[in-house]
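Overview (structure and organization)
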2 protein chains.
Amino acid sequence: MSIDVLHTEVMSTATDPRAAIVGGSEPVETAPCCVPSGSAPMDAARAVSLSRQFKAIADPNRLRLVSLVSASPGSEACVCDLTEPLDLGQPTVSHHLKILVDAGILRREKRGVWAYYSLVPGALDALADVLTTRTGTGR
Amino acid sequence: MSIDVLHTEVMSTATDPRAAIVGGSEPVETAPCCVPSGSAPMDAARAVSLSRQFKAIADPNRLRLVSLVSASPGSEACVCDLTEPLDLGQPTVSHHLKILVDAGILRREKRGVWAYYSLVPGALDALADVLTTRTGTGR
DNA sequence: ACTTTACATCGATGAGCATCGATGTCCTGC
DNA sequence: GCAGGACATCGATGCTCATCGATGTAAAGT
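Notes on the structure follow. What you see is a predicted model, and the numbers here were worked out from it, not measured in a lab.

Notes on the pairing of strand E2 (residues 106–111) of chain A
Across 6 bridges, the pairing between E2 of chain A and strand E3 (residues 114–119) of chain A is antiparallel. When the sheet's bridge partners are listed, Arg 108 of chain A is paired in E3 of chain A with Tyr 117 of chain A.

Below, the structure is given as structure tokens:
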């Protein structure tokens, strides 16, 4: 891949103090330490996709919803079980649950009158993996 | 672990179909269905605190910022290196970096004219840990 | 058929946020 | 001291989002 992703400007203008700090004599082209091979740190499209999932859990009430669901017997809960501990109205809880479902974090299963929500297996683990393997390219 | 986290519903009203499922017969007046006795799976204050950190990375540009910083030589980068790959103005990048610093994800170190940003060790791992250990109460 | 219960959807509203241009501050070189 | 570069802060603007009340839908009981 091209050097541009490293955005290592090799600078020529002497007005750049970093030339002195880095000792800019070498044509530093390849990744000095950590970058995998060459691919961009994180694709813009992938960043948008990931941000949609992170946005879904980046809300106090939705974090508690996920926690409540996973802590429920059988790892599933219906809306009526969730409105009270969150102290929110039923439409608001339904709204948050829909966001979590759309983000692929929760799963909805209707049984009779109730709608049971459960975790999508591996969804949160995939997100956690993004945070631990920080290269962004590595899948 | 106490049963409360299971919020075992004991139900009494016969109008509730789940009474048949669970087979409840005892007269419980409070907590109509499920609410745990006392402790919630995730504390509200902790949810707010965590959501602040998740909000910080729940943005496409900030995700790429973190990725760019970690992929930079020495795992640090200055603002001038970050404006170009993100295609954003310098004030906007500074704004996003401040949010990441305030959230405890990035660290700022001023050297001469440049401000170098680097990852706070363990910050992202702590967030990832929240997603993998899903109980919420258990630390 | 009517009522009740559980849940989703629909506007509306108010707060928060991302982005930008302009400006201020600090440092470096002349 | 003066000019220029790097970065932060400020104020404004447009957009997204969280929350709510009202309403719609579907299922179960009477």
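Here's the deal with the nonpolar core
Grouped together as the largest cluster of nonpolar side chains are 60 residues, with contacts concentrated most on Phe 54 and Ile 57 of chain A together with Phe 54, Ile 57 and Ile 105 of chain B. Contact partners of Ile 57 of chain B, with chain neighbours within four places excluded, come to Phe 54 and Leu 131 of chain A together with Leu 63, Leu 100, Ile 105 and Leu 127 of chain B.

Side note on the packing of aromatic side chains
By the definition in use, this model includes 0 aromatic pairs over all chains. Taking NZ or CZ as reference, Arg 111 of chain B lies 4.2 Å from the ring centre of Tyr 116 of chain B, over its face.

What to know about the sheet that holds strand E3 (residues 114–119) of chain B
Backbone hydrogen bonds hold the strands of a sheet together, and the pairing may be parallel or antiparallel. Residues and elements named next belong to chain B. Across the sheet, which stays open at both edges, the 3 strands sit in the order E1-E3-E2 with antiparallel pairing between neighbours. Every interior strand has two partners, whereas the edge strands, strand E1 (76–78) and strand E2 (106–111), have only one. Taking each pair of neighbouring strands and ignoring which way they run, the sheet shows an average axis angle of 30 degrees. Relative to E3, E1 runs antiparallel, the two sharing 3 bridges. Within E3, the position partnered with Ala 77 by the bridge is Tyr 117.

Description of the packing of helix H3 (residues 60–71) of chain B against helix H5 (residues 90–102) of chain B
Residue and element names in this part refer to chain B. For the pair H3 and H5, the least separation of the axes is 10 Å and the interaxial angle reads 75 degrees. In this view, H3 runs roughly perpendicular relative to H5, as classed from their interaxial angle. Judged by residue contacts, Asn 61, Arg 62, Leu 65 and Val 66 of H3 engage Val 93, His 96, Leu 97, Ile 99 and Leu 100 from H5.

Things to note about the pattern of salt bridges
Within this structure, the stated rule accounts for 6 salt bridges over all chains. The salt bridge involving Asp 102 of chain A is made with Lys 98 of chain A; its shortest N-O contact spans 3.5 Å. Remark: Lys 98 of chain A and Asp 102 of chain A occur in helix H5 (residues 90–102); sequence separation between them is 4 residues, near one turn of the helix. A salt bridge links Arg 111 of chain B to Glu 109 of chain B; the nearest nitrogen and oxygen atoms lie 3.2 Å apart. Using a relative accessible area of 29% as the deciding quantity, one classes Arg 111 of chain B as partly exposed.

What counts and what doesn't
Residues numbered from 1 in each chain as written. Chains lettered and ligands numbered in written order. Predicted model: local features only at pLDDT ≥ 70, side-chain atom pairs only at ≥ 80, totals over all residues. Heavy atoms only, no water. Pairing = 2+ DSSP bridges. Helix = DSSP H or I, 4+ residues; strand = E, 2+ residues; numbered from the N terminus. Core = buried A, V, L, I, M, F, W, Y, C linked by side-chain atoms within 4.5 Å. Buried < 20%, exposed > 50% of the residue type's maximum accessible area, 1.4 Å probe, protein only. Contact = heavy atoms within 4.5 Å. Phe/Tyr/Trp six-rings, centres within 6.5 Å; stacked < 30°, edge-to-face > 60°. Lys NZ or Arg CZ within 6 Å of the ring centre and 35° of its normal. Axes fitted to C-alpha atoms, helices over the stretch in contact; angles between N-to-C directions. Parallel < 35°, antiparallel > 145°, perpendicular 65-115°, else oblique. Salt bridge = Lys/Arg side-chain N within 4 Å of Asp/Glu carboxyl O.

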